[in-house]
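Remarks on the overall topology
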Amino acid sequence: MQAKEVRYISALPTRDEVAENPVLLFSDHLPFLFNAHDLTVVSWNVLDPNLPSGYEPYKETSDQVNQRRLRILESLERICEANHGVDLILLQESSWLGEDLFIEVKECVWHE
């Protein structure tokens, strides 16, 4: 019997959990909110599907990548609507998302 995989960060799914249920995968990093001077900032590495990740050797299908893109966009919209006064959202590994998806995220600044 294979040993159960260790969970290193409680808020992120394990490789085994992602392999069983790909909808759990957003990124191998958590977004975080912080204040810098007079700005409220969210920073998030959204995991480029073409780069190595903490979920290796798991690989997403193109359909799973497209579904994850939509989940990330919905998450960004919820961040903007949550009334945390977010002034700036910084995304890393985000060029794969496509700038056209950010048109729907109102009153937020996109920077890569």
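All residue numbers here refer to positions counted from 1 along the written sequence of the relevant chain. Local features are withheld for residues below a pLDDT of 70 in this predicted model, meaning they are given only at 70 or higher, and side-chain atom pairs are given and counted only at 80 or more; totals for whole chains, interfaces and linings count all residues. Side-chain numbers here rest on the full set of heavy atoms in the structure, without hydrogens or water.

Some words on the nonpolar core
Nonpolar core, defined: a set of buried Ala, Val, Leu, Ile, Met, Phe, Trp, Tyr and Cys residues in which side-chain atoms within 4.5 Å join the residues together. Exposure classes here rest on a 1.4 Å probe applied to the protein chains alone. A residue is buried below 20% of its type maximum, exposed above 50%, and partly exposed in between. Grouped together as the largest cluster of nonpolar side chains are 12 residues: Val42, Trp44, Val46, Val65, Ile72, Leu76, Ile79, Val86, Ile89, Leu91, Trp96 and Leu97. Secondary structure elements follow DSSP: runs of H or I no shorter than four residues count as helices, runs of E no shorter than two count as strands, and numbering proceeds from the N terminus. Taken together, the elements giving at least two residues each to this core come down to β2 (39-45), α2 (62-81) and β3 (88-92). For this core, the element with the most residues is α2, which contributes four residues. Setting aside its immediate chain neighbours within four residues, Ile79 contacts Val42, Val86 and Ile89. Membership of the second largest hydrophobic core comes to six residues, among which are Leu12, Leu25, Leu47 and Tyr55. It only takes one pair of heavy atoms within 4.5 Å for two residues to be counted as in contact.

Section: the pattern of salt bridges
We define a salt bridge as a side-chain nitrogen of Lys or Arg found within 4 Å of a carboxyl oxygen belonging to Asp or Glu. Counting across every chain of the model gives two salt bridges. The salt bridge involving Lys59 is made with Glu56; its shortest N-O contact spans 3.4 Å. Assessed through its relative accessible area of 29%, Glu56 is described here as partly exposed. Of the charged contacts, one joins Arg68 and Glu60 as a salt bridge, the two residues approaching to 2.8 Å between their closest N and O atoms. We note that Arg68, like Glu60, is buried.

Thoughts on the side chain of Thr14
For Thr14, the position within the fold is in the segment before α1 (15-20). A residue is classified by how much of its surface remains accessible, and Thr14, at 9% relative accessible area, is buried. Look past the residues within four positions of Thr14 in its chain and what remains in contact with it is Glu5, Val6, Arg7 and Tyr55.

A word on α2
With 20 residues, α2 ought to run about 28 Å at 1.5 Å a step, and its terminal C-alpha atoms sit 29 Å apart, in line with that. Every buried residue belonging to α2 is among Val65, Arg68, Arg71, Ile72, Leu73, Ser75, Leu76 and Ile79, and all of these are buried. Those residues of α2 that are buried lie in contact with β2 and β3. Helices are assigned an expected span. That span is 1.5 Å times one less than the residue count.

Observations concerning the pairing of strand β1 (residues 32-36)
Sheet topology places β1 next to β2; five bridges connect them, and they run antiparallel. Directly across from Phe32, in β2, lies its bridge partner Ser43. Counted between consecutive antiparallel strands, the loop separating β1 from β2 contains two residues, among which His37 sits at a positive phi close to 60°. We call two strands paired when DSSP finds no fewer than two bridges between them.

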